[in-house]
Amino acid sequence: MDRPGFDLIAFDGDDTLWHNERSYRHARERFRRLLSSAGVDLSDDEIEACVNRTELENIDYYGYGVSSFTLSLIETAIDLTGGRVGGSDLAGLIELAKEMLSEEIELFESARGALAALSATHPLMLITKGDLLHQTSKLERSGLQPFFKYVEVVSHKTPRVYASILARHGVDPERFLMIGNSLRSDVLPVIEIGARAVHVPAALSWAHEHADVPEEAKDRFIELPSLESLAELVASLESPASSSSARK
Ligand SMILES: [Mg+2]
């Protein structure tokens, strides 16, 4: 049982396996147009800053996801119009949310291949944060569900949340690998509990998901430009010659 290797490999979903942030960018653009037609005289950057601030303040109330985002847009619209935003504009925001919740899932190019290769050799888990119904629906519509043995939809991705998932599944953190686009959510909390991580940066990511990496953490995860070479990387990490627990 002292084979170097992973008993469980987990993936993030949004902006790791499928596109997500660009849908939020598009929604923010439509929101800015709606506010300017409602007579709000602010620059795009100022509106963006207000939305971001409201979203961050609301995470403790509503968590992550489209529902939370929509409530934050509605709140920002009410604030920035001094309460004058009309019912039809609010209806437009609700319609926008429904479009986001039902839009087609578009996978990253190498997602399916990486999951197909690794699911043949390891149990895979999806660990995603956000609305339970939306996340499970995205997984179903992605066609990737058969590759995952386990699915965890969580409200936050903290070290404690990861530790409790691993404890529940009886997995030693040293034998766990997490793959994701977010340093804040998929990498730093995972290395904090002694597990390993692969960071696959996405071209578009929500500003909130960026994080400064402490110096001592810099050589404890691996960065890959895409999922294409992931299976190869995992094999090299698991080969007996690979004695180091992480490399960059
Ligand atoms: Mg993500």
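Residues numbered from 1 in each chain as written. Predicted model: local features only at pLDDT ≥ 70, side-chain atom pairs only at ≥ 80, totals over all residues. Heavy atoms only, no water.

Caption draft 1: Geometry of the domain arrangement of the chain. Segmentation of the chain into domains returns domain 1 (8-19 + 106-238) and domain 2 (21-102). Taking only C-alpha atoms into account, the centre of domain 1 sits 29 Å from that of domain 2. Between domain 1 and domain 2, the contact holds 15 residues from the first and 15 residues from the second. Summing both sides of the interface, domain 1 and domain 2 together bury roughly 1,400 Å²; the carbon and sulfur share of this comes to 53%. Summed over the three residues of domain 1 that lose the most area to domain 2, namely Asp131, Leu204 and Trp206, the buried surface amounts to 40% of that side. Along the contact surface separating domain 1 from domain 2 lie 1 salt bridge. The partner of arginine 22 in a salt bridge is glutamate 106, with the nearest N and O atoms 2.4 Å apart. Applying the counting rule to domain 1 against domain 2 returns 5 residue pairs in polar contact (both at pLDDT 80 or more). Of the residues belonging to the side of domain 1 that touches domain 2, the class tally is 2 nonpolar, 7 polar and 6 charged. (Domains from an automatic or database assignment. Contact = heavy atoms within 4.5 Å. Buried area = accessible area lost by both parts, 1.4 Å probe. Salt bridge = Lys/Arg side-chain N within 4 Å of Asp/Glu carboxyl O. Polar contact = N/O pair within 3.5 Å; in protein donor to acceptor, adjacent residues only side chain to side chain. Nonpolar A, V, L, I, M, F, W, Y, C, P; charged D, E, K, R; others polar.)

Caption draft 2: Spatial organisation of the packing of helix H1 (residues 21-37) against helix H2 (residues 44-62). For the pair H1 and H2, interaxial distance at closest approach is 10 Å and the crossing angle is 115 degrees. In this structure, H1 meets H2 at a crossing whose hand is right-handed. Contacts from Arg28, Phe31, Arg32 and Leu35 in H1 reach Asp44, Ile47, Glu48, Val51, Asn52 and Glu55 in H2. Taken together, the residues that form the contact of H1 with H2 break down as 4 nonpolar, 1 polar and 5 charged. (Axes fitted to C-alpha atoms, helices over the stretch in contact; angles between N-to-C directions. Helix = DSSP H or I, 4+ residues; strand = E, 2+ residues; numbered from the N terminus. Left-handed = near helix turned anticlockwise from the far one by under 90°.)

Caption draft 3: Representation of empty space enclosed by the protein in the model. Overall, the coordinates contain 1 cavity of 30 Å³ or more when judged by the stated rule. Reported here for the largest cavity is a volume of approximately 400 Å³. Forming the boundary of the largest cavity are 30 residues, of which Asp14, Asn20, Tyr64, Trp206 and Glu209 lie nearest the centre. Contributions of two or more residues to the lining of the largest cavity are made by H1, H2, helix H3 (66-80), strand E2 (124-129), helix H6 (132-142) and helix H8 (183-192). Here the lining of the largest cavity spans two domains, since at least three of its residues come from each of domain 1 (8-19 + 106-238) and domain 2 (21-102). (1 Å grid on protein atoms, 1.4 Å probe; cavity = no way out; pocket = protein on both sides within 12 Å on 5 of 7 lines; lining within 4 Å. Points joined across faces, edges and corners; volume = space filled by probe spheres on them.)

Caption draft 4: Layout of the coordination of the magnesium ion. Taken together, the protein ligands of the magnesium ion are Asp12 (OD), Asp14 (O) and Asn181 (OD1), with distances of 2.1 to 2.2 Å. When the donors of the magnesium ion are listed by position in the chain, the intervening gaps give D-x1-D-x166-N. Linking aspartate 12 in the loop between strand E1 (8-11) and H1 with asparagine 181 in the loop between strand E4 (176-180) and H8, this pair joins segments that are 169 residues apart in sequence. The two residues aspartate 12 and asparagine 181 agree in class, both being buried. (Donors = N, O, S within 2.8 Å, 3.2 Å for Na, K, Ca; no water. Buried < 20%, exposed > 50% of the residue type's maximum accessible area, 1.4 Å probe, protein only.)

Caption draft 5: Representation of the sheet that holds strand E6 (residues 221-223) in the model. Strand order in this open sheet of 6 strands is E3-E2-E1-E4-E5-E6, and the pairing throughout is parallel. Looking at the sheet topology across the chains shown, the edges are occupied by strand E3 (150-154) and E6. Strand-to-strand twist in this sheet, taken as the mean axis angle between neighbours without regard to direction, amounts to 20 degrees. (Pairing = 2+ DSSP bridges.)

Caption draft 6: Focus on the nonpolar core. Judged by nonpolar contacts, the single largest core of 27 residues is most densely connected at Ile9, Phe11, Leu17, Phe148, Ile179, Leu227 and Leu230. Elements represented by at least two residues in this core include exactly E1, helix H5 (111-119), E2, E4 and helix H9 (230-238). Not counting the four nearest positions on each side in its chain, isoleucine 179 is found in contact with Ile9, Ala10, Phe11, Asp12, Thr16, Val198, Val200, Leu227 and Leu230. (Core = buried A, V, L, I, M, F, W, Y, C linked by side-chain atoms within 4.5 Å.)

Caption draft 7: The environment of glutamate 152, seen in detail. Examined against the element boundaries, glutamate 152 turns out to sit in strand E3. Sequence separation between glutamate 152 and isoleucine 165 is 13 residues; the distance between their C-alpha atoms is 8.1 Å. Once residues lying within four places of it in the same chain are set aside, the contact partners of glutamate 152 are Met125, Leu126, Ile127, Thr128, Ile165, Arg168 and His169.

Caption draft 8: Quick look at the pattern of salt bridges. Counted under the stated rule, the structure contains 13 salt bridges. Where glutamate 152 meets arginine 168, a salt bridge forms, and the shortest distance between an N and an O atom there is 2.8 Å. Of this pair, glutamate 152 sits in strand E3 while arginine 168 is found in helix H7 (residues 159-168), placing the two residues 16 residues apart along the sequence. The class for arginine 168 is exposed, based on a relative accessible area of 54%. Residue lysine 157 pairs with aspartate 186 through a salt bridge whose shortest N-O separation is 2.8 Å. In this pair, lysine 157 is assigned in the loop between E3 and H7 and aspartate 186 in helix H8, connecting sequence segments 29 residues apart. A relative accessible area of 8% means that lysine 157 is categorised as buried.

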